[in-house]
Amino acid sequence: MSDQPPVASRESKAQVRQMLVIGAVVSALGIALALVIDWFPVPGSTQAGPIDTLWDVLLIASVPVFVLVETIVLYCAIRFRMRPGEELKDGPPIHGNTKLEIWWTAIPAILLVALCTYSYVVLTDIEKAEANTMQVRVVGEQFTWTFFYPGEGGEEIASPQLYLPVNTPVNFTVQSKDVIHDFWVPAFRMKIDAVPGIDTHIRVTTTSRIDEYPVVCAELCGLGHSTMRQSAHVMSEDDFNAKLDELANPPEAGGDEEGGGGGAADADGKTLFTESAQPTACASCHTLADAGATGTTGPDLDDVIPDLTDAQIKESIEDPDAEVTEGFQPGLMPRYGDSLSDEQVDALVTYLKEVAG
Ligand code: CUA
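Note that the coordinates shown come from a computational prediction; the quantities given were computed from them, not determined experimentally.

Our next topic: the packing of aromatic side chains. Scanning all chains against the criterion turns up eight aromatic pairs. With centroids separated by 5.6 Å and ring planes inclined at 70°, the aromatic side chains of Trp145 and Phe183 adopt a geometry described as edge-to-face. Taken as a pair, Trp145 in strand β2 (residues 144-150) and Phe183 in strand β6 (residues 181-184) lie far apart in primary sequence, 38 residues in all. What makes Trp145 buried here is its relative accessible area of 0%. For Phe183, a relative accessible area of 1% puts it in the buried group. Put simply, the rings of Trp145, Phe147, Phe172 and Phe183 touch in pairs and so form one group of aromatic residues. The ring of Phe148 carries the charged tip of Arg137 above its face, separated from the ring centre by 4.4 Å. Sitting over the face of the ring of Trp184, Lys191 holds its NZ or CZ atom 5.6 Å from the ring centroid.

Have a look at this one:
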């Protein structure tokens, strides 16, 4: 029994070498492919750099491990498969190999500890509190985000879109009015759950890039989840201050246009209906031919509006759950009575009455 090994071991050494060479070549190809793929959108925060690098390092470390294991499995399945006439044969008995076992325990352990340490360092670094941090409160609800900025005299300024100045550290306090949502701006790379009853936080520092990035909800939160999209506008310091002023003193409340030369811009029903910059997003859930809207989450307005009185339409906008169209669920549409002025609701009613059907 003891004079058999030499021949087998010379052959198996060659096989192991062959296996490792294939593994190394495929690993190199795998890493190159993984790094060539453009995984992320344009970076919009200083956090994006370290996170993208961490991702690349994780790819470089994990692709070879995956490829090595798969190569060995495939190689063995092909090379040592059972051939006709070998049905009753059993392979040579294998006893443990202490040296090999030490290696395959030590290498993954070192790799894991190193990657965990590196991730921890990156995480603490990007979450560091910085001087002159701007505070923004983000409130999620089915199915919209509202952003609150600290205003004068402790009063908050609400905004349906996220506006941020360039090169500014921001601390987001994230909350939810109803179910779990998830506040995510992919360009910032940071993301956190909005959980009813507690405050969660993320820190983001904008870069000098002036741009508009999507804000999305990353937690399935109901039928309108996919429509819970807004935008983050990163603007110059001056533009940002002007924007805050405008939000703090909305034209219809400030009485800028007295008398009015026929139809103030923000009382235009069609604009309210279609423009995503407005606090309504009717078009994302409803169908209305005149506005080019094809949403199906809520009732088809061309279908239902002609049968409704002005008062009923008004109620459906201000307090949608008071009476829900058959076949649709309550609780899906926000109460726009809370965010729109009387004139704006009237403008929507007039517009809908005019074009629906
Ligand atoms: Cu909110 Cu998904």
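So, about unusual backbone geometry. Between Gln142 and the following residue, Phe143, the backbone shows a cis peptide bond with an omega angle of 0°. Checked against the element boundaries, Phe143 lands in the loop between β1 (134-141) and β2. The backbone of Asn132 shows a phi angle near 55°, a positive value even though the residue is not glycine. Relative to the helices and strands, Asn132 is located in the loop between α3 (98-126) and β1. Assessed through its relative accessible area of 71%, Asn132 is described here as exposed. Unusually for a residue other than glycine, Arg189 sits at a positive phi of about 70°.

Taken in spatial order, the five strands of this open sheet run β3-β2-β1-β5-β8, and their pairing is mixed. Of all the strands in the sheet, just β3 (156-159) and β8 (200-205) have a single pairing partner and so form its edges. Going from strand to strand, the sheet's axes swing by 25° on average, the running direction of each strand aside. Sheet topology note: the β1/strand β5 (residues 169-176) ladder contains seven bridges and is parallel. Residue pairing for β5: Arg137 is matched across the bridge by Thr173. Across the face of the sheet, helix α4 (residues 237-248) comes into contact with β1, β2 and β3 while running at roughly 95° to β3.

All right, on to the packing of helix α2 (residues 48-79) against α3 then. Contact pair α2 / α3: the axes reach a minimum separation of 10 Å and the direction vectors enclose 170°. Comparing the axis directions of α2 and α3 gives the class roughly antiparallel. Taken together, the residues of α3 that come into contact with α2 (itself represented by Pro50, Ile51, Thr53, Leu54, Val57, Leu58, Ala61 and Val65) are Leu111, Leu115, Tyr118, Ser119, Val122 and Ile126. Here the residues of the contact of α2 with α3 are counted per class, giving twelve nonpolar, two polar and no charged.

Glancing now at empty space enclosed by the protein. Gaps left between atoms show up when a probe the size of a water molecule is rolled over them. Tallied over the entire structure, the rule returns one cavity of 30 Å³ or more. Taken as a whole, the largest cavity holds about 40 Å³ of empty space. Looking at the largest cavity, the residues that line it are Gln47, Ile126, Lys128, Glu130, Thr133, Pro169, Val170, Arg203, Val204 and Thr205. Those elements giving two or more residues to the lining of the largest cavity turn out to be β5 and β8. Sorting elements by how many residues they give to the lining of the largest cavity places β8 first, with three residues. Its residues assigned to classes, the lining of the largest cavity comprises four nonpolar, three polar and three charged.

Taken as a whole, this structure holds seven salt bridges when the rule is applied. A salt bridge links Asp52 to Arg189; its shortest N-O distance comes to 2.8 Å. On the criterion of sequence distance, the pair formed by Asp52 in helix α2 and Arg189 in the loop between β6 and β7 (191-194) is long-range, its members being 137 residues apart. Across the pair, exposure class does not vary: Asp52 and Arg189 are buried alike.

With that settled, consider the nonpolar core. If you look at the biggest cluster of nonpolar residues, it comprises 36 residues, and the most contacted ones within it are Val136, Trp145, Phe147, Tyr149, Leu162, Phe172 and Phe183. Of all the elements in the fold, those that place two or more residues in this core are β1, β2, β4 (162-165), β5, β8, β9 (211-217), β10 (229-235) and α4. Setting aside anything within four residues of it in sequence, one finds Phe147 in contact with Val136, Arg137, Val138, Ile157, Ala158, Ser159, Pro160, Gln161, Leu162, Phe183, Val215 and Gln230. Core analysis: the second largest hydrophobic core is formed by 19 residues, Ile317, Ala347, Leu348 and Val349 among them.

Rules and cut-offs
Residues numbered from 1 in each chain as written. Predicted model: local features only at pLDDT ≥ 70, side-chain atom pairs only at ≥ 80, totals over all residues. Heavy atoms only, no water. Phe/Tyr/Trp six-rings, centres within 6.5 Å; stacked < 30°, edge-to-face > 60°. Helix = DSSP H or I, 4+ residues; strand = E, 2+ residues; numbered from the N terminus. Buried < 20%, exposed > 50% of the residue type's maximum accessible area, 1.4 Å probe, protein only. Lys NZ or Arg CZ within 6 Å of the ring centre and 35° of its normal. Pairing = 2+ DSSP bridges. Axes fitted to C-alpha atoms, helices over the stretch in contact; angles between N-to-C directions. Contact = heavy atoms within 4.5 Å. Parallel < 35°, antiparallel > 145°, perpendicular 65-115°, else oblique. Nonpolar A, V, L, I, M, F, W, Y, C, P; charged D, E, K, R; others polar. 1 Å grid on protein atoms, 1.4 Å probe; cavity = no way out; pocket = protein on both sides within 12 Å on 5 of 7 lines; lining within 4 Å. Points joined across faces, edges and corners; volume = space filled by probe spheres on them. Salt bridge = Lys/Arg side-chain N within 4 Å of Asp/Glu carboxyl O. Core = buried A, V, L, I, M, F, W, Y, C linked by side-chain atoms within 4.5 Å.

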